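Okay, here's what each chain looks like letter by letter:
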There are 2 protein chains.
Amino acid sequence: MKKRKGLVIVNTGEGKGKTTAALGVLFRAWGQGFQICVIQFIKAETGRWGEVKAAEKLNIEWYKTGAGFAQTPEEKAEAAAKSREAWGLAQKKIIAGGFDLVILDEFTYPLHYGWLSVEEVLTWLRENKPPDLHLLITGRDAPQALIDYADTVTEMRNIKHAFERGVKAQSGIDF
Amino acid sequence: MKKRKGLVIVNTGEGKGKTTAALGVLFRAWGQGFQICVIQFIKAETGRWGEVKAAEKLNIEWYKTGAGFAQTPEEKAEAAAKSREAWGLAQKKIIAGGFDLVILDEFTYPLHYGWLSVEEVLTWLRENKPPDLHLLITGRDAPQALIDYADTVTEMRNIKHAFERGVKAQSGIDF
């Protein structure tokens, strides 16, 4: 593979489509023969989404580590612990050397909620991310320091969404 | 497949990522076993992008019909003619009945430039699009009538982009 600049890409904003756009990068990267690792920070481990099925068929490494969205203090403590575990896994994959693209899906949530220190995470990335590794982070409320660190930041805004008019989430489109 | 509502989805806005997000939907849909057809209206026929390579490997129907972005009057006339041909192809695929998802990539351009009549296209879609077919349209400057017709519209906005700081387009990420 030619020498390249490993980009740090952030998909953020209030709109739907942050993870979807990351899957588009994954599709393109897979087409170019990239080795890809996806770590999902929030989504529950039990999901049977289209993207998970597709990743299985295509031998893409995929980890669902999250506890779902937390409400009670107990759920929040569990989510915080799981997000720290997941970050440990992400660190291993980032320095492992075998990947061209690592996607940290909904990684902004543990940063936003303070379960992980933004400063510690960014310091670690600055010191340890291989220069040719592409890193893609999704989630709303991306901290400003992460935006400053990133090469490319896209905000997704809903102009309108079928959900708003009572249309249920559709298999193959929304999950 | 269960009865479903075929969504009309539009990815628009000035930012990068409209086609990328459409590829994410494609990836998810492919994982759910959908039959997918992609028609690219503007991109040149000679591209060897990651998404085209991936689509070949996965037996996704993919048509590159465009003439690239037009500058001279001759190029514009050619682009207009090619976009009308491409719309004819899209009509065939939409009514064919075998697809779950049809993606019209950069379809807003021929509408915006008046190479196709927005009113005629929307009238045709209202009368002919199968109710369970998902239709995804990308491109900037989506006409208001198309936004009104769509179920879900997402706008992509660049907060920052590596291109702006002289980083070249990266294989596997940007193409």
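Residues numbered from 1 in each chain as written. Chains lettered and ligands numbered in written order. Predicted model: local features only at pLDDT ≥ 70, side-chain atom pairs only at ≥ 80, totals over all residues. Heavy atoms only, no water.

Colleague: I would appreciate a short explanation of the packing of helix α1 (residues 18–31) of chain A against helix α2 (residues 50–57) of chain B in the present structure.
Modeller: Look at α1(A) against α2(B): their axes get within 7 Å of each other, and the N-to-C directions meet at 75°. Classed by the angle they form, the pair α1(A) and α2(B) counts as roughly perpendicular. Two secondary-structure elements touch here, α1(A) through A:F27, A:R28, A:W30 and A:G31 and α2(B) through B:G50, B:E51, B:K53, B:A54, B:A55 and B:K57. Looking at the contact of α1(A) with α2(B) residue by residue, the classes come out as four nonpolar, two polar and four charged. (Axes fitted to C-alpha atoms, helices over the stretch in contact; angles between N-to-C directions. Helix = DSSP H or I, 4+ residues; strand = E, 2+ residues; numbered from the N terminus. Parallel < 35°, antiparallel > 145°, perpendicular 65-115°, else oblique. Contact = heavy atoms within 4.5 Å. Nonpolar A, V, L, I, M, F, W, Y, C, P; charged D, E, K, R; others polar.)

Colleague: Honestly, the relation of the copies chain A and chain B in this entry has me stumped. Any pointers?
Modeller: Each of the two chain copies goes to the other by way of a rotation about an axis and a shift along it. Of the transformation superimposing chain A on chain B, the axial component is 0.0 Å and the angular component is 180°, with the fit at an RMSD of 0.0 Å. Such a combination of turn and shift is consistent with a two-fold rotation axis. When the interface residues of chain A are mapped onto chain B, 100% of them again fall at the interface, so both copies present the same face. (Least-squares fit on C-alpha atoms with pLDDT ≥ 70 in both.)

Colleague: Where do I start with the interface of chain A and chain B in this structure?
Modeller: Interface size, as often reported, equals the accessible area lost upon joining of the parts. Across the boundary between the two partners, chain A contributes 55 residues, which contact 55 residues of chain B. Both faces combined, the contact of chain A with chain B buries some 4,700 Å², and carbon together with sulfur accounts for 59% of it. Three residues, A:F27, A:R28 and A:I173, lead the burial of chain A against chain B; their summed loss comes to 19% of the area buried on that side. The partner of B:R165 in a salt bridge is A:D151, and the shortest N-O contact between them spans 4.0 Å. (Buried area = accessible area lost by both parts, 1.4 Å probe. Salt bridge = Lys/Arg side-chain N within 4 Å of Asp/Glu carboxyl O.)

Colleague: I would appreciate a short explanation of the environment of B:A70 in the present structure.
Modeller: Along the chain, B:A70 falls in the loop between β3 (61–64) and α3 (73–96). C-alpha of B:A70 to C-alpha of B:A80: the two residues are 10 residues apart in sequence and 9.2 Å apart in space.

Colleague: Would you take a moment to explain the packing of aromatic side chains for this structure?
Modeller: For any pair of aromatic rings, geometry is given as the distance between the ring centres together with the angle between the planes. Residue and element names in this part refer to chain B. The final tally for this structure, using the stated rule, is eight aromatic pairs over all chains. Taking the centre distance of 5.4 Å and the plane angle of 80° together, the rings of W87 and W124 count as edge-to-face. Here W87 is found in helix α3, whereas its partner W124 is found in helix α5 (residues 118–128), with 37 residues between them in sequence. An identical accessibility class is assigned to W87 and W124; each is buried. (Phe/Tyr/Trp six-rings, centres within 6.5 Å; stacked < 30°, edge-to-face > 60°. Buried < 20%, exposed > 50% of the residue type's maximum accessible area, 1.4 Å probe, protein only.)

Colleague: For this particular structure, what's the right way to read empty space enclosed by the protein?
Modeller: Gaps left between atoms are located by rolling a probe of water-molecule size over the structure's atoms. All names here are of chain B. Throughout the structure, instances matching the rule amount to two cavities of 30 Å³ or more. What the largest cavity holds in volume is close to 50 Å³. Lining the largest cavity are T19, A22, L23, L26, V38, Q40, W62, I103, D105 and T138. Elements that contribute at least two residues to the lining of the largest cavity include exactly α1 (18–31), β2 (36–40) and β4 (101–105). (1 Å grid on protein atoms, 1.4 Å probe; cavity = no way out; pocket = protein on both sides within 12 Å on 5 of 7 lines; lining within 4 Å. Points joined across faces, edges and corners; volume = space filled by probe spheres on them.)

Colleague: What should I look at first to understand the pattern of salt bridges in this one?
Modeller: Side-chain pairs of opposite charge can arise whenever the charged atoms involved come near each other. Tallying each qualifying case throughout the model produces 15 salt bridges over all chains. One salt bridge in this structure joins A:K82 and A:E78, with 3.8 Å as the shortest N-O distance. Of this pair, A:K82 and A:E78 both sit in helix α3 (residues 73–96), four residues apart, roughly one helical turn. A residue is classified by how much of its surface remains accessible, and A:E78, at 42% relative accessible area, is partly exposed. Note that B:R157 is salt-bridged to A:E155, the shortest N-O span being 3.0 Å. One end of the pair, B:R157, is in strand β6 (residues 152–160); the other, A:E155, is in strand β6 (residues 152–160), on a second chain. Classification of A:E155 by relative accessible area gives buried; the value is 18%. Bridged by salt links that share partners, the residues A:K5, A:D151 and B:R165 form one connected network.

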